[in-house]
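# Breakdown of the fold
Chain by chain, the residues run as shown.
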Amino acid sequence: GDRPYLILLNHQTPFDQFFVSMSFRGPVYYLATEDIFSLGWISKVIRWLIAPIPIIKQTTDASAVMTCLRVAREGGTIAIAPEGNRTYSGRTCYISPAIAVMAKKMKLPIALYRIEGGYGVHPRWSDVIRKGTMRAYVSEVIEPDVYADLTNEELMERIQKGLYVDE
């Protein structure tokens, strides 16, 4: 539909954001690490085209969280790869439990977007795109009235189950 979402996706290829953008109507604001903002003119193009929300990896970035909350209040759709990195082995990486707390504060429907087959087509350790089959889809939508009754641990378990892939 045309309503805003919090999209949580597993991260398998460098092109995951394009799959998400093709699957949802309207603009999607991506949470992106600060390293894409230091690529010179390419960073300027990325900022102009996508307007990503910058986040500093491996820390608690309060300004990124506040920006996400503001975008959610304004009716924007936000996409986050809670793993933070592309998979090294084909298996979904560690997801911080803080994502469940953040999701509850946003009060948006949570779309769990699962990407399967990406590791075989374009593994992180290779520059070559291989032949293969990929599938990207919304595995589950968790409505705010449903997760309001869940504990943070129960919501986290549901998020992990909805995003888990082992290739």
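Here is a short report on the structure shown in this document. (Residues numbered from 1 in each chain as written. Predicted model: local features only at pLDDT ≥ 70, side-chain atom pairs only at ≥ 80, totals over all residues. Heavy atoms only, no water.)

Turning our eyes to something else, we now look at the overall build of the chain. Scanning the chain from N- to C-terminus turns up seven helices and six strands. If you list the helices and strands of the chain from N to C, you get β-α-β-α-β-α-β-α-β-α-β-α-α. Against the globule reference of 15 Å for 167 residues, the chain gives a C-alpha radius of gyration of 15 Å, in line with a compact fold. Dimensions along the principal axes, computed over C-alpha positions, put the chain at roughly 45 × 35 × 30 Å. (Helix = DSSP H or I, 4+ residues; strand = E, 2+ residues; numbered from the N terminus. Rg over C-alpha atoms; globule rule 2.2 N^0.38 Å.)

Attention now goes to the nonpolar core. Leu 6, Leu 8, Ile 78, Ile 99, Met 106, Ile 110 and Leu 155 are the most contacted members of the largest nonpolar core, which totals 25 residues. When residues of this core are traced back to their parent elements, those giving at least two are strand S1 (6–9), helix H3 (62–73), strand S4 (77–80), helix H4 (98–106), strand S5 (110–116) and helix H7 (152–163). Counting residues per element, this core draws most heavily on H4, at five residues. Here Ile 110 is in contact with Leu 6, Leu 8, Ala 103, Glu 140, Val 141, Ile 142, Tyr 147 and Leu 155, once residues within four sequence places are set aside. In terms of nonpolar packing, the next biggest core, distinct from the first, is built from eleven residues, Ile 7, Val 20, Val 28 and Tyr 30 among them. (Core = buried A, V, L, I, M, F, W, Y, C linked by side-chain atoms within 4.5 Å. Buried < 20%, exposed > 50% of the residue type's maximum accessible area, 1.4 Å probe, protein only. Contact = heavy atoms within 4.5 Å.)

With that settled, the discussion passes to the packing of aromatic side chains. The geometry of an aromatic ring pair comes down to the distance between the two centres and the angle between the two planes. Summed over the entire model, instances satisfying the criterion amount to two aromatic pairs. Aromatic side chains Tyr 5 and Phe 24 sit 5.7 Å apart centroid to centroid with 65° between the ring planes, which places their arrangement in the edge-to-face category. On the criterion of sequence distance, the pair formed by Tyr 5 in the segment before S1 and Phe 24 in the loop between helix H1 (16–23) and strand S2 (28–33) is long-range, its members being 19 residues apart. With centroids separated by 6.2 Å and ring planes inclined at 50°, the aromatic side chains of Phe 24 and Tyr 113 adopt a geometry described as tilted. Note that Phe 24 is positioned in the loop between H1 and S2 and Tyr 113 in strand S5, a separation of 89 residues in sequence. Here the aromatic residues Tyr 5, Phe 24 and Tyr 113 are joined through ring pairs into a cluster of three or more. Above the ring of Tyr 137, the side-chain terminus of Arg 135 is found at 4.1 Å from the ring centroid. (Phe/Tyr/Trp six-rings, centres within 6.5 Å; stacked < 30°, edge-to-face > 60°. Lys NZ or Arg CZ within 6 Å of the ring centre and 35° of its normal.)

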